[in-house]
Amino acid sequence: MSTIAFIGLGNMGRPMVAYLLKAGHQLRLYARRPEVFQHEAKPLLEAGAQVFGTPAEAAKDADFIITNVMSTADVAEVLCQGEHAVIQQAKAGAICIDHSTIDPTGTREIAATLAKQGIGFVDAPVSGGVKAATEGSLVMMLGGATTDIEKVMPIIQCYAKTITHIGDVGHGQVAKLCNQIAQVINIQGIAESMRFAASNGADLQKVFQAISGGMAGSRMLDLMGPKMVSRDFKAGIEARLHAKDFFLVKEAINKAHLDLPALQTVALQLEKLMDSGWGMDDTSSLLRVLEA
Ligand code: NAD
């Protein structure tokens, strides 16, 4: 069994920790908002996890340090920056595993900083959302050295079902952003088809039923179609997370002078969605942006 530091006990992090505890690992937790241990994360302490006051203290003596925070700046802060960062106390030979969705270039910089202290790094972003995290069936895309990947495999297999080693450090994040490009452009397409149906006075439920059996059928249509038809915009996938990822890709493609026109358009729609205050709602709210 391993000693594992886990930082970031949000919607995705908590079920992962629960699976690691169930597998018998020793868990050392850090949360930026310690009040979480009185509420949502209380069952993790009851199951044997220990709490520490800083990322550095949590990382001391850990074989693996797992982060599931938010942005590139958050991962850099927790792992590398300042007196409370993981790098201050993690032992040489430890391996960091990052499940956040962040920038591939920032990921490589973080990994290079850690490598100077003999600390390994694997980027391991996930797909499947809170549902797959809770069911222990996440899809995971890995970037890192093969020797590190072999070591982290028994850990991540506690909560991931489909695991693909894409390539070197950063390539897990590249694959995750590819996943986001394909899925959110699809959601925009579904929203546009629903908007077109409504503007022509067609029955949305019947249109959805018809096209889901044809070549437009997709897992995303199965998920988003019923939500748009019934105007249920409660989050399955919070739009703020898709917006964050789209703005990341937009910055990267602008830097690389890469022309991805559908992505640029959908990024603008996501910007309007966020400006309308629907960031905590579902990304099916792209339909509401078209209607506004
Ligand atoms: P969340 O907002 O529920 O949780 C994020 C947690 O990270 C919070 O507890 C927050 O306090 C902590 N955190 C953020 N910045 C921190 C910092 N600088 N130091 C310490 N703690 C910090 O978000 P989530 O849904 O759990 O998502 C986490 C990551 O996983 C994000 O990068 C997100 O894009 C990615 N992701 C989310 C989903 C999803 O469906 N929710 C799916 C795939 C990937």
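Residues numbered from 1 in each chain as written. Predicted model: local features only at pLDDT ≥ 70, side-chain atom pairs only at ≥ 80, totals over all residues. Heavy atoms only, no water.

**Topic: the overall build of the chain**
1) Next: A tally of helices and strands in the chain yields 13 helices and nine strands.
2) Next: What you see for the chain is a C-alpha radius of gyration of 20 Å, in line with the 19 Å of a compact globule of 292 residues.
3) Next: Evaluated residue by residue, the chain yields a buried proportion of 49% over its 292 residues.
4) Next: For the chain, long-range pairs separated by at least 24 residues make up 66% of all intrachain contacts whose partners lie at least 6 apart in sequence.
5) Next: Accessible surface computed for the chain: about 13,500 Å², of which carbon and sulfur atoms make up 54%. (Helix = DSSP H or I, 4+ residues; strand = E, 2+ residues; numbered from the N terminus. Rg over C-alpha atoms; globule rule 2.2 N^0.38 Å. Buried < 20%, exposed > 50% of the residue type's maximum accessible area, 1.4 Å probe, protein only. Contact = heavy atoms within 4.5 Å. Areas by Shrake-Rupley, 256 points an atom, 1.4 Å probe, with all protein chains shown as cover.)

**Notes on the site of the ligand**
1) Next: Around the ligand, a shell composed of 22 residues is seen, among which Asn11, Met12, Val69, Met70 and Lys244 lie nearest.
2) Next: Between Asn68 and the ligand, the recorded distance is 3.3 Å, taken from a side-chain N or O atom to an oxygen atom.
3) Next: At 3.3 Å from an oxygen atom of the ligand is found a side-chain nitrogen or oxygen belonging to Arg240.
4) Next: Look at the ligand: alone it shows 830 Å² of surface, and the protein chains cover 90% of it.
5) Next: Of all the secondary structure elements, the ones that give two or more residues to the shell around the ligand are α4 (72–80), α6 (129–135) and α11 (239–255).
6) Next: Residues that form the shell around the ligand fall into these classes: eight nonpolar, seven polar and seven charged. (Near = heavy atom within 4 Å. Polar contact = N/O pair within 3.5 Å; in protein donor to acceptor, adjacent residues only side chain to side chain. Nonpolar A, V, L, I, M, F, W, Y, C, P; charged D, E, K, R; others polar.)

**Some details on the pattern of salt bridges**
1) Next: In total, this model carries nine salt bridges according to the counting rule given.
2) Next: The shortest N-O distance in the salt bridge between Asp232 and Lys227 comes to 3.2 Å.
3) Next: On the basis of relative accessible area, Asp232 is assigned to the partly exposed category, the value being 32%.
4) Next: When the shortest N-O distance is used, the salt bridge between Glu251 and Lys255 registers 3.9 Å. Linking Glu251 with Lys255, this pair stays in helix α11, spanning four residues, or about one helical turn.
5) Next: With relative accessibility at 49%, the residue Glu251 sits in the partly exposed group. (Salt bridge = Lys/Arg side-chain N within 4 Å of Asp/Glu carboxyl O.)

**Some words on the side chain of Lys227**
1) Next: Inspection of the secondary structure puts Lys227 in helix α10 (residues 219–230).
2) Next: Among the polar contacts listed, one links the side chain of Lys227 to the backbone oxygen of Lys234, at a separation of 2.8 Å.
3) Next: Dropping the residues within four chain positions of it, Lys227 is found in contact with Asp232, Lys234, Gly236, Asp282 and Ser284.

**As for the environment of Gln264**
1) Next: In this fold, Gln264 is placed in helix α12 (residues 261–275).
2) Next: Remark: the alpha-carbon pair of Gln264 and Ala31, spanning 233 residues in sequence, is separated by 35 Å.

**Here we look at the packing of aromatic side chains**
1) Next: Taken as a whole, this structure holds zero aromatic pairs when the rule is applied.
2) Next: Positioned above the aromatic ring of Phe52 is the side chain of Arg28, whose terminal nitrogen or guanidinium carbon lies 4.0 Å from the ring centre. (Phe/Tyr/Trp six-rings, centres within 6.5 Å; stacked < 30°, edge-to-face > 60°. Lys NZ or Arg CZ within 6 Å of the ring centre and 35° of its normal.)

**Remarks on the packing of helix α8 (residues 171–199) against α11**
In a pair of packed helices, the angle between the axes and the distance between the axes together describe the arrangement.
1) Next: Two numbers describe how α8 lies on α11: the axes approach to 10 Å, and their chain directions differ by 115°. Read as a crossing pair, α8 and α11 show a hand that is left-handed. Residues Lys176, Leu177, Gln180, Ile181, Gln183, Val184, Ile185 and Ile187 of α8 pack against His242, Asp245, Phe246, Leu248 and Val249 of α11.
2) Next: Among the residues forming the contact of α8 with α11, the class breakdown is eight nonpolar, three polar and two charged. (Axes fitted to C-alpha atoms, helices over the stretch in contact; angles between N-to-C directions. Left-handed = near helix turned anticlockwise from the far one by under 90°.)

**Here's the deal with α10**
1) Next: Here α10 is 12 residues long and its end C-alpha atoms lie 18 Å apart, about the 16 Å a rise of 1.5 Å per residue gives.
2) Next: Residues Met220, Leu221, Met224, Gly225, Lys227 and Met228 constitute the buried set of α10.
3) Next: Arg231 occupies a position one or two residues after α10 and carries a positive phi of about 55°. (Expected span 1.5 Å × (residues − 1).)

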